[in-house]
Structures are given as structure tokens and as C-alpha cells.
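Summary of the model geometry
One letter stands for each residue in the lines below.
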Amino acid sequence: MATVVEPSIDNFEIDTICPICKEKVLEGMTKGKKSYHNDCFVCHQCLMPFPEGSNIFENENGLYCEYDNSVLFGNRCGKCGQIILGKCLTAMNMTWHSEHFTCEECGNLLENMPFINRNGKPYCKPCIALIKQQEEKLRKEACGKCKKPIAAEDLLILKGIRYHAFHFPCTVCKTILGADCVEYEGKLYCPKDYEIVTAPVCYTCRRPIFGPSITALGRDFHTEHFVCFKCEKRFDDSVFYEYQDKPYCMLHYNELTQSNCGRCKHPASGKVITAMNKKWCQNHFTCFGCNLDFNITKAPFFEWDLKPLCKQCYDHLPSSVKKSVEKYDQIDKKVKKKREEEEKKAQKKNNK
């Protein structure tokens, strides 16, 4: 930093060394304890003589006029960077034009006002409070992974924390996710794979069901796969019958449960008759030989080849056939009797 040299010029003859040219001064001027040639007593920067009465500044490099001293060694404004020639303000270890020492946010003058140094810039207290509120809001809304702001189209909220969706891949296809991704059972999926993962599975083909489906027997089916377990025909009238946890059409359900008529093979109707371990429609329990209606006539019947015959038709059978029928009938009666005795013994044993 230059020091001010008080001007005091006197012509004299003295045997000294000029500090500028390093030669003996025979005629010149003295300043303090130094002597100068008249031609050497000029500004070291602009090489102009010093105006009368002006301040002269001196440092180890030489003498400087006030302007060049300010340019080379003077204070510069902390905001505009320009040289401060007049009144200046000192704050934050810097100098400022008084009109440039303003709040970085709102621009209000801070001279003689309380301020806060934030990252090397001055702010008024109201602006600092507002900035902190905004930063707290941004902190809460920032990505929990990279801490950067999140655009609406990239937002993913996972377990209450906000993230950029592109930080995560789909659990199935590993594609980078967008904001349209879905969380399911703690895992993230793209829309396509989420639909596949959450879709019901057809009980028949074990494939996901998209679109119309049928729910029956506690299971899901493609509409085209919900068919009779026996004939594999669809239930066009939406009516099905359950047998041993499987769906059947009426015909095969009655067949399995022995509910079909022994003659027409359709479900027995009317006043259902039970005979020969079969069901019979009211009008179908007739002689297979002459169509005699046993239900009306109350006539006895004989079983031949799992079919009922009236006595007259039975008598027309060859004697060898009748003997075989009677023999099998006796054997059947003995088997039934033995079975009944075994059931009675088992019941008595259980009672004990």
C-alpha cells in the first residue's frame, strides 16, 4: 500500500543519490529524507508531474499520483468490481460502493441495516427467513436419493418418501421406471408387468386373465375355459352343477350321481321312481318288452340284463336265460344279506 508524501519542493544543491535513477542529485528537490531530480519526480505509472497540491503516494516501486494509485492499489467494490474513488463502505472483509451494498435477494440498501453473510453475499433478515422456508420446503420435496428437485412427471412416492422414478428398475423386466409405475407388495412394477402380476390366473390353463372372466367354485376361469369336466362343453345357459369340486353339465352331473332316468338317460322327472338301483321318470318305468307301465298297474317286475320285464315277457325268455337270472338273483340276495350282517356287527362294535 502506498503512503502519502507531503509535497514540499525546494531547489538546492546537495550531494545525494536519486532513488529513481540511482544517480547523484546535484540540483533537484527533497521529500522527507530523499532527494529527487526534477525529471524523476513524476508518477511512476503515467510519467506525469504531480499537480500542485495533489496527494502523492509512495511504495517500494516508486511514486504514484492519486488516480493511478487508486487504479493499481486502491479498493474495489465487492459487487461491481470497479475502483472506489470516493466514499466507500467496509463490510464482510470487503469494500463497497455504498449504493452497491444491497440485499442479494430483494435489492434493498443495507447501509446502517442489520444483514447476514450467506455464502459470501449479504442478505437482509426477512429474505434469509424466506429463503430458509423455501429451502425446507425443497428439502421435503426433494428426491430421497439424489436430493434434487423432482418434476411432476418423474415423481414416485415409496413408503412415504419422494423419489425420482428413474432411480428404480421394474422388478420383472428391469426397465427404468416412470411416474406411472406401481408399488405392489413392497415391489415396483411398470404398468404392463403390474397388470400381469396382479391379474387372476385361470384355473384351467394357468395363464393370467385379462378381460372377461368367470369366478366359480372359488376359482377364476377364462370364459372359454369354464366347461363341463366330462364333455368340455361351455355352460351356455350359465348353469352348472358341482360334483367333487368340479363343474358338470346337467347330463353328466346326473350321470355321475345316478340321477338320470334308466330309460331316456335324461334327468329323471315327475314322480321319480327308484328301482334296480336306478332312477326312473314317472312314465318311463315300463317293461322293456311290452312297455307295460309298472307304476300304473302295480304289477311285479323281473330284472333281466339291468332292465325291468313284466312276468309275461319274462316267461317268454328261454329257460336257460331264466335259470341264469334266478341264479344271479339268489347270489345278489346272499351278497346283500351278508353285507347287512357285516354292517350290523360293525355298528354293534362301534356302540360298545
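Before any of the text, the structure's been laid out above.
Rules used throughout
Residues numbered from 1 in each chain as written. Predicted model: local features only at pLDDT ≥ 70, side-chain atom pairs only at ≥ 80, totals over all residues. Heavy atoms only, no water. Helix = DSSP H or I, 4+ residues; strand = E, 2+ residues; numbered from the N terminus. Buried < 20%, exposed > 50% of the residue type's maximum accessible area, 1.4 Å probe, protein only. Contact = heavy atoms within 4.5 Å. Patch = residues over 30% accessible without salt bridge, like charges linked within 9 Å, V, L, I, M, F, W, Y side chains within 5 Å. Areas by Shrake-Rupley, 256 points an atom, 1.4 Å probe, with all protein chains shown as cover. Salt bridge = Lys/Arg side-chain N within 4 Å of Asp/Glu carboxyl O. Lys, Arg positive; Asp, Glu negative; His and termini not counted. Charge placed at Lys NZ, Arg CZ, Asp CG, Glu CD. Core = buried A, V, L, I, M, F, W, Y, C linked by side-chain atoms within 4.5 Å. Pairing = 2+ DSSP bridges. Disulfide = S-S within 2.5 Å.

1. Overview of the overall build of the chain
On a plain count of helices and strands, the chain comes out with 7 helices and 23 strands. A total of 352 residues make up the chain; the buried ones form 28% of that total. Counted over contacts in the chain with a minimum sequence separation of 6, partners at least 24 positions apart contribute 14%.

2. Remarks on unusual backbone geometry
Both trends apply: most residues other than glycine have a negative phi, and most peptide bonds are in trans. Backbone geometry places Asn-93, a non-glycine residue, at a positive phi of 60°. One non-glycine residue with positive phi stands out, namely Asn-119, at about 55°.

3. Things to note about the environment of Trp-304
Residue position: Trp-304 is located in strand 22 (residues 301-304). Using a relative accessible area of 31% as the deciding quantity, one classes Trp-304 as partly exposed. For the pair formed by Trp-304 and Phe-288, sequence separation is 16 residues and the distance between their alpha carbons is 9.5 Å.

4. Observations regarding a negative patch on the surface
Together, Glu-340, Glu-341, Glu-342 and Glu-343 make up a negatively charged patch on the protein surface. Structurally, Glu-340 can be placed in helix 7 (residues 319-351).

5. Brief notes about helix 1 (residues 66-73)
Residues Asp-68, Asn-69 and Ser-70 constitute the buried set of helix 1. Lining the buried residues of helix 1 we find strand 6 (56-59) and strand 7 (62-65).

6. So, the nonpolar core
Residues Trp-96, Phe-101 and Cys-103 are the most contacted members of the largest nonpolar core, which totals 14 residues. Contributing elements (two or more residues each) for this core: strand 8 (89-91), strand 11 (121-124) and helix 2 (125-141). In this structure Phe-101 touches Leu-89, Ala-91, Met-92, Trp-96, Asn-108, Leu-109, Leu-110, Glu-111, Phe-115 and Pro-122, once residues within four positions along its chain are discounted.

7. Quick look at the pattern of salt bridges
On inspection of all chains with the given rule, the structure shows 4 salt bridges. As a salt-bridge pair, Arg-219 and Asp-245 come within 2.4 Å of each other at their nearest N and O atoms. In this pair, Arg-219 sits in strand 17 (residues 219-222) while Asp-245 sits in the loop between strand 18 (241-243) and strand 19 (246-248), placing the two residues 26 residues apart along the sequence. In this structure Arg-219 comes out as buried when scored by relative accessible area, which is 16%. A relative accessible area of 38% places Asp-245 in the partly exposed class.

8. Observations concerning the pairing of strand 11
In this sheet, strand 11 lies alongside strand 10 (residues 115-118) in antiparallel orientation, the contact comprising 4 bridges. Within the sheet, the bridge partner assigned to Phe-115 lies in strand 11 and is Cys-124. Following strand 10, the chain reverses through 2 residues before pairing antiparallel with strand 11; Asn-119 in that reversal takes a positive phi of roughly 55°.

9. Describing the state of the cysteines
Scanning all chains against the criterion turns up 0 disulfides. Counting only cysteine sulfurs, Cys-106 is the nearest neighbor of Cys-103, a cysteine outside any disulfide, at a range of 3.6 Å. Residue classification places Cys-103 among the buried positions, given a relative accessible area of 2%.

10. Focus on the environment of His-167
By the secondary structure assignment, His-167 is in the loop between strand 13 (161-164) and strand 14 (182-184). The class of His-167 is partly exposed, set by a relative accessible area of 24%. Sequence separation between His-167 and Leu-177 is 10 residues; the distance between their C-alpha atoms is 7.6 Å. Apart from the residues lying within four places of it in its own chain, the contact partners of His-167 are Cys-143, Lys-145 and Cys-146.

These figures come from the coordinates and say nothing about function on their own.
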